[in-house]
Amino acid sequence: MEYRHLGTTTLRVSVLGFGASPLGNEFATIDAAEGERAVAFAIEEGINYFDVSPYYGRTLAETRLGAALQGRRHEVILATKAGRYDKSADGGFDFSAARITRSIEESLTRLRTDHIDLFQLHDIEYASREQILDEALPAMFRLKEQGKARYVGITGYPVHLLRDVAAQAPVDTVLSYCRYDLLDTSLERVLVPLAREDGLGLISASPLHMRLLSNHGAPAWHPAPKRVCDAAAAAASFCRDRGADIAGLALSFALAQPAVATTLVGMSRVEHVRRNAALVGSVPDPELLQGVRQILAPVLDTVWKEGRPENDDPGAVDKQS
Ligand code: NAD
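Residues numbered from 1 in each chain as written. Predicted model: local features only at pLDDT ≥ 70, side-chain atom pairs only at ≥ 80, totals over all residues. Heavy atoms only, no water.

Run through helix H8 (residues 226-241), naming residues and quoting values.
Relative to the 22 Å expected for 16 residues at 1.5 Å per residue, H8 spans 23 Å between its end C-alpha atoms, a close match to the ideal helical length. Considered for burial, the residues of H8 that qualify are Val 228, Ala 231, Ala 232, Ala 235, Ala 236, Phe 238 and Cys 239. Summarising the axial view, the buried residues of H8 lie within an arc of 155°, below the 170-degree limit, and thus occupy one face. Away from the buried face of H8 by more than 90 degrees, exposed residues Lys 226 and Asp 241 are located. Elements in contact with the buried residues of H8: helix H9 (246-255) and helix H11 (286-296). Gly 243 lies just past H8 and shows a positive phi near 70°. (Helix = DSSP H or I, 4+ residues; strand = E, 2+ residues; numbered from the N terminus. Expected span 1.5 Å × (residues − 1). Buried < 20%, exposed > 50% of the residue type's maximum accessible area, 1.4 Å probe, protein only. Arc of directions from axis to C-beta. Contact = heavy atoms within 4.5 Å.)

Can you break down the layout of surface pockets residue by residue, with the values?
Considering only enclosed or pocket space, the largest pocket measures out at about 1,300 Å³ in volume. Around the largest pocket, the lining is made up of 49 residues, and of these Ser 21, Pro 22, Phe 27, Met 210 and Trp 221 lie nearest the centre. For the lining of the largest pocket, the elements supplying multiple residues, two or more each, are strand E7 (149-156), strand E8 (173-177), H9, strand E10 (262-266) and helix H10 (270-278). Of the residues contributing to the lining of the largest pocket, the split by class is 20 nonpolar, 15 polar and 14 charged. (1 Å grid on protein atoms, 1.4 Å probe; cavity = no way out; pocket = protein on both sides within 12 Å on 5 of 7 lines; lining within 4 Å. Points joined across faces, edges and corners; volume = space filled by probe spheres on them. Nonpolar A, V, L, I, M, F, W, Y, C, P; charged D, E, K, R; others polar.)

Outline the state of the cysteines, listing residues and values.
For the structure on display, the rule yields zero disulfides. Residue Cys 178 stays outside any disulfide, its sulfur separated by 11 Å from that of Cys 229, the closest cysteine. Looking at Cys 239, it has no disulfide partner, and the nearest cysteine sulfur is the one in Cys 229, 16 Å off. (Disulfide = S-S within 2.5 Å.)

How would you summarise the site of the ligand if you had to cite specific residues and measurements?
Around the ligand, the structure places 27 residues, and the nearest of them are Ser 21, Asp 51, Asp 123, Gly 266 and Asn 276. Between the ligand and the protein, one listed contact pairs a nitrogen atom with a side-chain N or O atom of Asp 123 at 2.6 Å. When the ligand is considered free in solution it has 830 Å² of accessible area, and contact with the protein chains removes 95% of it. In this structure the site holding the ligand corresponds to the largest pocket. Elements with a contribution of two residues or more to the shell around the ligand: E8, E10 and H10. Partitioned by chemical class, the residues of the shell around the ligand number 13 nonpolar, nine polar and five charged. (Near = heavy atom within 4 Å. Polar contact = N/O pair within 3.5 Å; in protein donor to acceptor, adjacent residues only side chain to side chain. Areas by Shrake-Rupley, 256 points an atom, 1.4 Å probe, with all protein chains shown as cover. Sits in = over half its atoms within 2 Å of the grid points.)

Outline the nonpolar core, supporting the account with residue identities and numerical values.
In a soluble, globular protein the nonpolar side chains are often hidden away together inside. Within the largest apolar cluster, 116 residues are counted, with the highest numbers of intra-cluster contacts made by Phe 18, Phe 50, Leu 65, Leu 121, Leu 137 and Ile 154. With sequence-adjacent residues up to four places away left out, Phe 18 is seen in contact with Leu 23, Ala 38, Val 39, Ala 42, Ile 47, Tyr 49, Phe 50, Asp 51, Leu 264, Val 265, Met 267 and Val 273. (Core = buried A, V, L, I, M, F, W, Y, C linked by side-chain atoms within 4.5 Å.)

Explain the packing of aromatic side chains to me, using residue names and the numbers behind them.
Enumeration according to the criterion identifies eight aromatic pairs in this entry. With 5.0 Å between their ring centres and 25° between their planes, Phe 18 and Phe 50 make a pair best called stacked. Of this pair, Phe 18 sits in strand E3 (residues 16-19) while Phe 50 sits in strand E4 (residues 49-51); the two residues are 32 residues apart in sequence, bridging distant segments of the chain. Each of the two residues, Phe 18 as well as Phe 50, counts as buried. Taking 5.4 Å as the distance between ring centres and 5° as the angle between the ring planes, the aromatic pair formed by Tyr 180 and Phe 253 counts as stacked. Here Phe 253 lies in helix H9 and Tyr 180 lies in the loop between E8 and helix H6 (186-190), a separation of 73 residues in the sequence. With a relative accessible area of 8%, Tyr 180 lands in the buried category. Its relative accessible area of 9% is what places Phe 253 among the buried residues. The ring centre of Tyr 55 lies 4.3 Å from the NZ or CZ of Arg 84, which sits over that ring. (Phe/Tyr/Trp six-rings, centres within 6.5 Å; stacked < 30°, edge-to-face > 60°. Lys NZ or Arg CZ within 6 Å of the ring centre and 35° of its normal.)

Limitation: the analysis is restricted to geometry and does not speak to function.
Structure (structure tokens):
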């Protein structure tokens, strides 16, 4: 395994991070015992960074991760989030200071620990900039002062919003998802320059574009427009015809971005952990990569609308359009 400093924090994180959302059955109902084995095996493979949220599986992922880490908490860097909770009609978001302060206590209980290494505001595009800057983040900084969280970060999809907020608040990290992979490389243009300037830790999630860049294809809820899903399916088939797996190529490509401290892949199976860990330090096959990039070129950097309209990235299109 390789490790990098997470910005200017004292954390040294594995370049491959364990995304725990599948432990909450976000993609499919998983075998819980296999999920637990995947966590243990990830630690054996040198993965020390685990990302979760109360939102994943509506607390199920945190509960399962907490159980899986029982007795091994000291071996890992644990990141969770606050602000996003369920799929209720009002959106399931609550970025108030009171909810965030209660949220960390609930997460600490589920995760069976007395502190969170990185506490992140989850999907900030669903909040107003005022509430993020004047209420939610100040509440998180207070929790940092109290020692309940060692560091504070923000997460979300629109990279311009993430950049603007990170430029205005003393956050330690920024996590974006689906923004550095074979379908979208905008993290490199929008977030990397600020990260370099401000010493921010950069975390890139969903290098398989939330399963689009795999042989399983998109789950029904996937927000990408149909033409993006079709292009990804064509690219997967191109790889299969050459005896290759698009997931491997996609992860190998994403891991090669040096400005990203850790790339988070959703995992709940030992075999996926094994395959993904083996890709650390790999170089994508140049011919395969060129063929896939050609297929994906017409849809490259297609971004969808996510959150409040005022927070959208320029040029964002309707979800599943
Ligand atoms: P992903 O792109 O990592 O895809 C995960 C899917 O790919 C799962 O179905 C998994 O079983 C499958 N998979 C993993 N390895 C594979 C392999 N080698 N071959 C084939 N399939 C494989 O998407 P993700 O899980 O959404 O993102 C990774 C993690 O990043 C999440 O689990 C979560 O922890 C984090 N994340 C955070 C945010 C946020 O904070 N806003 C958003 C998205 C993701």
